[in-house]
Amino acid sequence: MASDELAAKLQRQQDIYVEGGAQGEAASVKVFNPYTEFPEFSRKEIQHYQKMFKHYDIDKNKFIDFEELKHMMEKLGMPQTHLALKEMIKEIDEDFDGMISFREFLLIFRKASRGELKNDSLMEIYKQMYVVDVEAEGVKGAAHFFTAKIEEQNASKKFEEEILAEQKERKEKEEEKKKSRAAFKDKATFFQQQQAN
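Residues numbered from 1 in each chain as written. Predicted model: local features only at pLDDT ≥ 70, side-chain atom pairs only at ≥ 80, totals over all residues. Heavy atoms only, no water.

**Thoughts on the overall build of the protein**
Okay, step 1: Broken down by element type, the protein carries nine helices and two strands.
Okay, step 2: Counting from the amino terminus, the protein carries its helices and strands in the arrangement α-α-α-β-α-α-β-α-α-α-α.
Okay, step 3: Sorting the 197 residues of the protein into buried and exposed places 25% on the buried side.
Okay, step 4: Residue pairs in contact within the protein that sit at least 24 positions apart in sequence constitute 58% of those at least 6 positions apart.
Okay, step 5: When the accessible surface of the protein is split by element, carbon and sulfur atoms take 54% of a total near 14600 Å². (Helix = DSSP H or I, 4+ residues; strand = E, 2+ residues; numbered from the N terminus. Buried < 20%, exposed > 50% of the residue type's maximum accessible area, 1.4 Å probe, protein only. Contact = heavy atoms within 4.5 Å. Areas by Shrake-Rupley, 256 points an atom, 1.4 Å probe, with all protein chains shown as cover.)

**Description of the packing of aromatic side chains**
Okay, step 1: If you walk through the whole model with that rule in mind, you get eight aromatic pairs.
Okay, step 2: Note on Y49 and F109: the rings are 4.1 Å apart at their centroids and 5° apart in plane angle, and the pair reads as stacked. Of the two residues, Y49 is situated in helix α3 (residues 43-56) and F109 in helix α6 (residues 102-114); the sequence distance between them amounts to 60 residues.
Okay, step 3: Take Y49: its relative accessible area is 1%, and that puts it in the buried class.
Okay, step 4: The class for F109 is buried, based on a relative accessible area of 0%. (Phe/Tyr/Trp six-rings, centres within 6.5 Å; stacked < 30°, edge-to-face > 60°.)

**Here we look at the nonpolar core**
Okay, step 1: Residues L69, M72, M73, F105 and I125 are the most contacted members of the largest nonpolar core, which totals 29 residues.
Okay, step 2: Elements represented by at least two residues in this core include exactly α3, α4 (66-75), α5 (82-92), α6 and α7 (120-129).
Okay, step 3: By residue number, the principal contributor to this core is α6, which donates seven residues.
Okay, step 4: With residues up to four places along the chain from it excluded, the contact list for F105 reads Y49, M52, F53, I64, M72 and I100. (Core = buried A, V, L, I, M, F, W, Y, C linked by side-chain atoms within 4.5 Å.)

**Description of α3**
Okay, step 1: Taking 1.5 Å of rise per residue, the 14 residues of α3 would be expected to cover 20 Å, and the 20 Å separating its terminal C-alpha atoms lies within 8% of that figure.
Okay, step 2: Restricting attention to buried positions, one finds in α3 the residues R43, E45, I46, Y49, M52, F53 and Y56. (Expected span 1.5 Å × (residues − 1).)

**A short note on the pattern of salt bridges**
Okay, step 1: As enumerated under the stated definition, the model contains six salt bridges in all.
Okay, step 2: A salt bridge links R170 to E166; the nearest nitrogen and oxygen atoms lie 4.0 Å apart. Here the residue R170 and the residue E166 both occupy positions in helix α9 (residues 158-196), the gap between them amounting to four residues, near one helical turn.
Okay, step 3: Of the residues examined, E166 reaches a relative accessible area of 22% and is grouped as partly exposed.
Okay, step 4: Several salt bridges share partner residues, and in doing so they unite E37, E94 and R103 into one network. (Salt bridge = Lys/Arg side-chain N within 4 Å of Asp/Glu carboxyl O.)

**Describing the environment of F32**
Okay, step 1: Within the secondary structure, F32 sits in the loop between α1 (2-22) and α2 (34-37).
Okay, step 2: The partly exposed category is assigned to F32, whose relative accessible area is 30%.
Okay, step 3: Along the backbone, F32 and F102 are 70 residues apart, and their C-alpha atoms lie at a distance of 9.5 Å.
Okay, step 4: When near neighbours in sequence (up to four residues on either side) are disregarded, F32 contacts E37, F38, F102, R103 and L106.

**Thoughts on the packing of α3 against α6**
Okay, step 1: Interhelical geometry of α3 versus α6 gives an angle of 120° and a closest axis separation of 10 Å. Between α3 and α6, the angle falls in the class oblique. For the pair α3 and α6, the crossing hand works out as right-handed. Of the residues in α6, those in contact with I46, Y49, Q50, M52 and F53 of α3 are F102, F105, L106 and F109. (Axes fitted to C-alpha atoms, helices over the stretch in contact; angles between N-to-C directions. Parallel < 35°, antiparallel > 145°, perpendicular 65-115°, else oblique. Left-handed = near helix turned anticlockwise from the far one by under 90°.)

Following this line, the structure appears as structure tokens:
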């Protein structure tokens, strides 16, 4: 079974190499930008998913491998069998490397929101991200939560607004730093003058 998987991976790599070589072109590197490739998600959602991805990418190689997926599912309270974990990876592993890249991780949430996931365990990961505690929020709070989510997804300028808000926040922090530095310099000058006298 393991040799079949290895043979399939090697054949896939060979096919990719032959396709690139047959055209006489150097293989181009495609840069992944989650904000343009996944416009259905807000910047904050993507940042949240990225934080979650990095949390479970224990060896920090920018992939969630079999063992890390096993660990993630256990932490989410949904331990899986080895076969179930392989099926989860297989459903979203577009490059057939046996690991989940950040792009493939985002595909879980895209497919789940569209109802395209076949694997129930992957759907549970999606549900974990959007759990609302009705006891803590109350029924009205939960209703407001879902209304806000719908409005957020329908906002046509959500990226522009978020970028502007981030830029404004950065400018405010820069101004605070400048004021703090100026105040420090004033105090340092005053202290040096006091020592000189």
